[in-house]
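Structural characterization, general
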Amino acid sequence: MTADEQEAIFQRWIANHLGLMIKVVRSFAPVMTDQDDLLQDVLINLWSSIANFHGNSKETTWIYRVSLQTALVWKRGERRRNKQLLNYMNHIEKNTTLFDDAPTRDEDVVEQLYAAIRQLPKLEASIALMHLDGLSYRDIADVLGITENLVGVKLTRIRKELSKRFNGSN
Amino acid sequence: MTFDDLQSKWQSHNHDVTLIVDTNDLMNEVRQKHRVFERQLLCRDLSEILAALLITFFFATIAVLTGQWTLLLCAAGSLFVGLFFITDRLKQRRRRSSFADSLPRSVDAAIEEVKHQIWLLRNIMWWYLLPLVPGIVLFLGSSSWQSRANGFAEQFVIAAVGVICAVAFWLVYKINHREIKKTLDPRRQELEALRSALTSSDTDS
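Residues numbered from 1 in each chain as written. Chains lettered and ligands numbered in written order. Predicted model: local features only at pLDDT ≥ 70, side-chain atom pairs only at ≥ 80, totals over all residues. Heavy atoms only, no water.

Section: the overall build of chain B
Operational definition: Secondary structure elements follow DSSP: runs of H or I of four or more residues count as helices, runs of E of two or more count as strands, with numbering from the N terminus. Exposure categories follow from relative accessible area, calculated using a 1.4 Å probe and restricted to protein chains: below 20% of the type maximum is buried, above 50% is exposed, and the middle band is partly exposed. Contacts are residue-level and defined by heavy atoms, with any inter-residue pair within 4.5 Å sufficient. Only the protein chains shown count as cover for residues, and all accessible areas are computed by the Shrake-Rupley method using a 1.4 Å probe.
Helix and strand counts for chain B come out as seven helices and zero strands. When the helices and strands of chain B are placed in sequence order, the string is α-α-α-α-α-α-α. Of all 205 residues assigned to chain B, the portion counted as buried reaches 35%. Within chain B, residue pairs in contact and separated by at least 24 positions form 74% of the contacts whose partners lie at least 6 positions apart. Within the structure as shown, chain B displays about 12,600 Å² of accessible surface, and the carbon and sulfur contribution to it stands at 64%.

Thoughts on the overall build of chain A
Looking only at helices and strands, chain A has seven helices and zero strands in total. Element order for chain A, N to C, with α for helix and β for strand: α-α-α-α-α-α-α. A burial count over chain A gives 54% of its 170 residues as buried. Here the analysis covers contacts within chain A between residues at least 6 apart in sequence; of these, 71% occur between residues at least 24 apart. Surface exposure of chain A reaches about 7,600 Å², of which carbon and sulfur atoms provide 45%.

Some remarks on the packing of aromatic side chains
Residues and elements named next belong to chain B. As a reminder, the rule being used: Think of it this way: a Phe, Tyr or Trp ring, Trp meaning its six-membered ring, pairs with another when their centres are within 6.5 Å, and the plane angle makes it stacked under 30 degrees, edge-to-face over 60, tilted otherwise. Criterion for a charge above a ring: Arg CZ or Lys NZ at most 6 Å from the ring centre, at most 35 degrees from the ring normal.
In total, this model carries 10 aromatic pairs over all chains according to the counting rule given. A centroid spacing of 4.9 Å and a plane angle of 20° characterise the contact between F84 and W127, whose relative ring orientation is stacked. Remark: W127 occurs in helix α5 (residues 124-129) and F84 occurs in helix α3 (residues 71-94); sequence separation between them is 43 residues. Within the aromatic cluster, the residues linked to one another by ring pairs are F80, F84, F85, W127 and Y128. The residue whose ring lies beneath R148 is W145, and the NZ or CZ to ring-centre distance is 4.0 Å.

A look at the nonpolar core
Note the cut-off: Here, the term nonpolar core denotes a set of buried Ala, Val, Leu, Ile, Met, Phe, Trp, Tyr and Cys residues that are joined through side-chain atoms within 4.5 Å.
Residues Y64(A), L68(A), I127(A) and L144(A) are the most contacted members of the largest nonpolar core, which totals 72 residues. The greatest single-element share of this core, amounting to 11 residues, is contributed by helix α1 (residues 3-28) of chain A. Apart from the residues within four sequence positions on either side, L144(A) is in contact with L68(A), L72(A), L123(A), S126(A), I127(A), M130(A), L103(B), P104(B) and L198(B).

Thoughts on α3(B)
Side chains of residues three or four places apart in an α-helix project in the same direction, reflecting 3.6 residues per turn. We count it as follows: Expected span of a helix, by definition, is 1.5 Å for each gap between consecutive residues, and there is one gap fewer than residues.
Across its 24 residues, α3(B) extends 35 Å between first and last C-alpha, which sits within 8% of the 34 Å expected from 1.5 Å per residue. For α3(B), every residue scored as buried is listed here: L71(B), C74(B), A75(B), G77(B), S78(B), V81(B), G82(B), I86(B), D88(B), R89(B) and Q92(B).

Concerning the confidence of the model for chain B
Keep this limit in mind: Known as pLDDT, the predictor's per-residue confidence is scaled from 0 to 100.
A residue-level look at chain B finds 86% of positions with pLDDT of 70 or above and a mean pLDDT of 83. Per-element mean pLDDT across chain B ranges from 78 in helix α2 (residues 23-66) of chain B up to 92 in helix α7 (residues 152-199) of chain B.

Some points on the packing of α1(A) against helix α2 (residues 32-49) of chain A
All names here are of chain A. Definition in use: The axes used here are C-alpha line fits, helices contributing only the stretch in contact, and every angle between their N-to-C directions lies in the interval 0 to 180 degrees. Helix crossings are classified by the rotation of the near helix relative to the far one: an anticlockwise turn of less than a right angle makes the crossing left-handed, while a clockwise turn makes it right-handed.
Running from N to C, α1 and α2 point in directions that differ by 145°, and their axes come no closer than 10 Å. The interaxial crossing formed by α1 with α2 has right-handed handedness. For the pair α1 and α2, the contacting residues are Q6, E7, F10, W13, I14, M21, I22, V25, R26 and F28 in the first and Q35, L38, L39, V42, L43, L46, W47 and S49 in the second.

Some thoughts on the packing of helix α4 (residues 106-119) of chain A against helix α1 (residues 3-12) of chain B
How two helices pack is summed up by the angle between their axes together with the distance between the axes. How we decide: Throughout, the term roughly parallel applies to angles under 35 degrees, roughly antiparallel to angles over 145, roughly perpendicular to angles from 65 to 115, and oblique to all others. Ten residues, namely Ala, Val, Leu, Ile, Met, Phe, Trp, Tyr, Cys and Pro, are considered nonpolar, four, namely Asp, Glu, Lys and Arg, are considered charged, and the remaining ones, Gly among them, are considered polar.
Contact geometry for α4(A) and α1(B): axes closest at 9 Å, N-to-C directions at 105°. In terms of their interaxial angle, α4(A) and α1(B) are classed as roughly perpendicular. For the pair α4(A) and α1(B), contact is made by D106(A), V109(A), V110(A), L113(A), Y114(A) and I117(A) and by L6(B), K9(B) and W10(B), respectively. Looking at the contact of α4(A) with α1(B) residue by residue, the class counts come to seven nonpolar, no polar and two charged.

Some thoughts on a nonpolar patch on the surface
Stated precisely, the cut-off is as follows: The residues that make up patches have over 30% relative accessible area and no salt bridge, and they are joined within 9 Å when like-charged or within 5 Å when they are Val, Leu, Ile, Met, Phe, Trp or Tyr. For salt bridges, the criterion is a side-chain nitrogen of Lys or Arg within 4 Å of an Asp or Glu carboxyl oxygen.
There is a patch of nonpolar side chains on the surface, built from V163(B), V167(B), W170(B), L171(B) and I175(B) and spanning about 490 Å² of accessible area. Mapped onto the secondary structure, W170(B) falls in helix α7.

A few points about helix α4 (residues 103-122) of chain B
The end-to-end C-alpha distance of α4(B) is 28 Å, a good match for the 28 Å that 20 residues give at a rise of 1.5 Å each. Listed in full, the buried residues belonging to α4(B) are L103(B), P104(B), S106(B), V107(B), A110(B), I111(B), V114(B), H116(B), I118(B), L120(B) and L121(B). Along its buried surface, α4(B) packs onto α3 (59-73) and α6 (137-144) of chain A together with α3, α5 and α7 of chain B.

A few points about the confidence of the model for chain A
Residue and element names in this part refer to chain A. Predicted confidence across chain A gives a mean pLDDT of 80, with 82% of residues reaching 70 or more. Mean pLDDT values over the elements of chain A span from 86, in α2, up to 93, in helix α5 (residues 122-132). pLDDT under 50 marks residues 88-103. Its contacts with residues more than four places away, or in other chains, come to 32 contacts.

Structure (structure tokens):
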């Protein structure tokens, strides 16, 4: 693969799937500096992974795989970069106490969902994220290298757990 | 609110709306960071080789200039430590997993890497400290023997150097063992928990 081809693929991935990477980053890193560090790791790993991408799987599955593999073994505060890639127009963390009030706006619900995902164990967080994005059991199993059956078992618990948190009931 | 409501809100939300990203800028940044990362690895390896060679050369030169042949043992010890470090680094680099691997294999690779780090630090006495000891002990012993007629002050200085070396070795040993306890063991446990979650039976709850 030539450098130009690698660059073209990377630019296409960024243009089409940056939102996906951001979702992974926000689901695993609570604060902006960490999110920035993790995003940089994800992007560097994606760049390096292009040589291994032979088109056998869907692009989204591959990007999920690389992003989640990076996030799952990522260690907070391992290294700090000087330059930030993320420039948030408004700060993500609102310092709100989770689940104190019923969510009023869709944006609040999404923020609370991110916070709820971050509170799950890492594997469950990955499954929840992909399920919320509408990936099939098969795709989730493929990304994580686990069985579809295990995805189903975990999802039953995750769905119950998230609904319970949002409804504030037992 | 049902889970399906949550899912629908999640999917209709524009997750990158709060970001301003210049794709070209990002692309250049990533390319540059990738280069810097590769360069950092190369520099780290080269600096280790250089440091080992410099220390070896230093001890060997002093040995030749002063006729203190025991220092050649220190040089040999330094060379051994440097070679061990480089060989180990190269061997570990070959074992790195790629993203073509599945997640369980990638986690396995991360666990192996941490376990290897723990092994290195736990055995620092054998591969880092001990190879330097014979040279230092023989050097101090022979210096002490040669200066036995020069009085107490010189003997005291030699003994002080010995004590400083012993304290430095003890500190290196302790700091590395503390690093295992503080950072590496928790990291290993975290990765093993993730690995176990990935392989847990389908009926686990």
